[in-house]
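# Topology and contacts: notes
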Amino acid sequence: MAEKIVIDARGSFCPGPLMELIAKLKSAQVGDELEVLSSDKGSATDIPEWIAKAGHQIVESREERGIWHITVRKMK
Amino acid sequence: MASNKICIVVVSGTRERLQMAGMMASVGAVSGNDVTVFLSMNALNQFLKDPPKQVPSEGDMGTLLAEKNVPPFRQLFQQAAELGEAKIHPCSMAMDVMAVEPADLVSYLGQPLGLTKFLIDAADAQVWSF
């Protein structure tokens, strides 16, 4: 059963949110979804770039009151 | 992921340069690149198990980095090694001059490396220096 893991990286700066996501991705199962919460604008563009390069999937990326919610599915 | 060979030479002990080098090492390594870091000169004492309390800044950015919640540069280097399998080596010459042993350095560093071996490794790599 795929899980949803929330990573609260609000208040951190680049590359903090990305590194926190990668650390959690390593231990997640294929199919799991991970939602990163980030207040860092750079991470909102950097995380999708990394995800595309690494071959995972962006499920959703939206901004809500200055916080980006980026949901990623582990594909491999 | 497409892989490049990236060699990062860190000789400065200032916060801005250590931060930028740590960012390059960590993001480079977790993006599938083969990253080697060579720590020498003033950079090396920041990787002692008991590092200096103060990290000097070059300018206003260093002060801001110290105040804001940026990932600490030591954490970035550790993540480069542990999440991205970067190889981080202390310079054997700097260790001799400082009279430190491998056991005095943080555990995620690899074996001491001489310049000759580093230059051979760097021959076909992107080389970045800080």
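Quick summary incoming for the structure in this document.

Cut-offs used in this document
Residues numbered from 1 in each chain as written. Chains lettered and ligands numbered in written order. Predicted model: local features only at pLDDT ≥ 70, side-chain atom pairs only at ≥ 80, totals over all residues. Heavy atoms only, no water. Helix = DSSP H or I, 4+ residues; strand = E, 2+ residues; numbered from the N terminus. Rg over C-alpha atoms; globule rule 2.2 N^0.38 Å. Buried < 20%, exposed > 50% of the residue type's maximum accessible area, 1.4 Å probe, protein only. Areas by Shrake-Rupley, 256 points an atom, 1.4 Å probe, with all protein chains shown as cover. Lys, Arg positive; Asp, Glu negative; His and termini not counted. Charge placed at Lys NZ, Arg CZ, Asp CG, Glu CD. Salt bridge = Lys/Arg side-chain N within 4 Å of Asp/Glu carboxyl O. Contact = heavy atoms within 4.5 Å. Buried area = accessible area lost by both parts, 1.4 Å probe. Polar contact = N/O pair within 3.5 Å; in protein donor to acceptor, adjacent residues only side chain to side chain.

The subject of this paragraph is the overall build of chain B. Within chain B, the secondary structure is distributed over five helices and four strands. For chain B, the succession of helices and strands along the chain, N to C, is β-α-β-α-α-β-α-α-β. On C-alpha atoms alone, chain B measures out to a radius of gyration of 14 Å, which is about the 14 Å that the 2.2 N^0.38 rule sets for 130 residues. For chain B, the residues scored as buried account for 49% of the 130 residues in total. Surface exposure of chain B reaches about 6500 Å², of which carbon and sulfur atoms provide 55%. With 9 positive and 13 negative side-chain charges, chain B shows a separation of 2 Å between the mean positions of the two kinds.

The final tally for this structure, using the stated rule, is 11 salt bridges over all chains. For the salt bridge of Arg73 of chain A with Glu33 of chain A, the shortest nitrogen-to-oxygen distance reads 2.7 Å. Of this pair, Arg73 of chain A sits in strand E4 (residues 67-73) while Glu33 of chain A is found in strand E2 (residues 33-38), placing the two residues 40 residues apart along the sequence. The salt bridge involving Asp121 of chain B is made with Lys117 of chain B; its shortest N-O contact spans 3.0 Å. Note that Asp121 of chain B and Lys117 of chain B are positioned in helix H5 (residues 115-122) at a spacing of four residues, about one turn of the helix.

Time to look at the interface of chain A and chain B. How big an interface is tends to be reported as the loss of accessible area on association of its parts. In this assembly, 14 residues from chain A lie in contact with 14 residues from chain B. The largest contributions to the chain A side of the interface with chain B come from Phe13, Met19 and Lys53 of chain A, which together make up 43% of the buried area. Here chain A and chain B share zero salt bridges between them. Where chain A packs against chain B, one counts five residue pairs in polar contact (both at pLDDT 80 or more). Listed by contribution, the elements that provide at least two residues to the side of chain A that touches chain B are helix H1 (16-27) and helix H2 (41-54) of chain A.

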